[in-house]
Amino acid sequence: HTIRIHPGERTQIFYKATNYTARRTTGRAIFNVTPAIAGQYFSKIECFCFTEQTLKGGESVDMPVIFFVDPKLREDPATKHIDEITLSYTFYPVESPGTAS
């Protein structure tokens, strides 16, 4: 999905996560911001990636992210040309819930 934001404003979005296995699964999400240089201006306020997530077999959930993009992005000569930022997540399984570092 594509959303339009205004730098400096808080924005809330949701990612849908689905456990396609038949068993309960616990994982942790790692995020990526591209282009990488924009990452210094991207701040997550709340994110499902801050904690482990457990989904039952076949369960789907909407996971919220609240973020903002610092308006200084438009002032920095290295980033002022950026018109699009991509936020993506990869889930990694956690062997024993509560033990991820």
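One can find the structure itself at the top, above this paragraph.
Reading the values: rules and limits
- Residues numbered from 1 in each chain as written.
- Predicted model: local features only at pLDDT ≥ 70, side-chain atom pairs only at ≥ 80, totals over all residues.
- Heavy atoms only, no water.
- Helix = DSSP H or I, 4+ residues; strand = E, 2+ residues; numbered from the N terminus.
- Buried < 20%, exposed > 50% of the residue type's maximum accessible area, 1.4 Å probe, protein only.
- Contact = heavy atoms within 4.5 Å.
- Areas by Shrake-Rupley, 256 points an atom, 1.4 Å probe, with all protein chains shown as cover.
- Lys, Arg positive; Asp, Glu negative; His and termini not counted.
- Charge placed at Lys NZ, Arg CZ, Asp CG, Glu CD.
- Pairing = 2+ DSSP bridges.
- Axes fitted to C-alpha atoms, helices over the stretch in contact; angles between N-to-C directions.
- Core = buried A, V, L, I, M, F, W, Y, C linked by side-chain atoms within 4.5 Å.
- Disulfide = S-S within 2.5 Å.

## A short note on the overall build of the protein chain
The secondary structure content of the protein chain amounts to 0 helices and 6 strands. Seen in sequence order, the protein chain has helices and strands lined up from the N terminus as β-β-β-β-β-β. Counting only C-alpha atoms and orienting by the principal axes, one finds that the protein chain spans roughly 50 × 25 × 20 Å. For the protein chain, the proportion of its 101 residues judged to be buried stands at 30%. For the protein chain, contacts bridging at least 24 residues in sequence account for 78% of all contacts bridging at least 6. For the protein chain, the computed accessible surface area is about 7100 Å², with 51% contributed by carbon and sulfur atoms. Each charge sign in the protein chain was given a centre, from 11 positive and 11 negative side chains, and these centres are 4 Å apart.

## Things to note about the sheet that holds strand β5 (residues 60–69)
The 3 strands are arranged β1-β5-β3 in an open sheet whose pairing can be described as antiparallel. Pairing within the sheet leaves two strands with one partner each, and these edge strands are β1 (11–18) and β3 (42–47). For this sheet the average axis-to-axis angle between neighbouring strands, irrespective of direction, equals 35°. The sheet contact formed by β1 and β5 spans 8 bridges and is antiparallel. The partner of T11 across the bridge, within β5, is F67.

## Some thoughts on the nonpolar core
Residues F42, C47, F48, V65, F67, L87 and Y89 are the most contacted members of the largest nonpolar core, which totals 19 residues. Counting residues per element, the ones that place at least two in this core are β1, β2 (25–34), β3, β5 and β6 (86–93). By residue number, the principal contributor to this core is β5, which donates 4 residues. Not counting residues up to four positions away in its chain, the partners in contact with F67 are I3, I5, E9, R10, T11, I13, F42, S43, K44 and I45.

## Regarding the state of the cysteines
Per the stated rule, a full pass over the model turns up 1 disulfide. Note on cysteine connectivity: C47 is disulfide-linked to C49, with sulfurs 2.4 Å apart. Because the torsion about its S-S bond is 130°, the bridge between C47 and C49 counts as right-handed. Here C47 and C49 have matching classes, each one buried.

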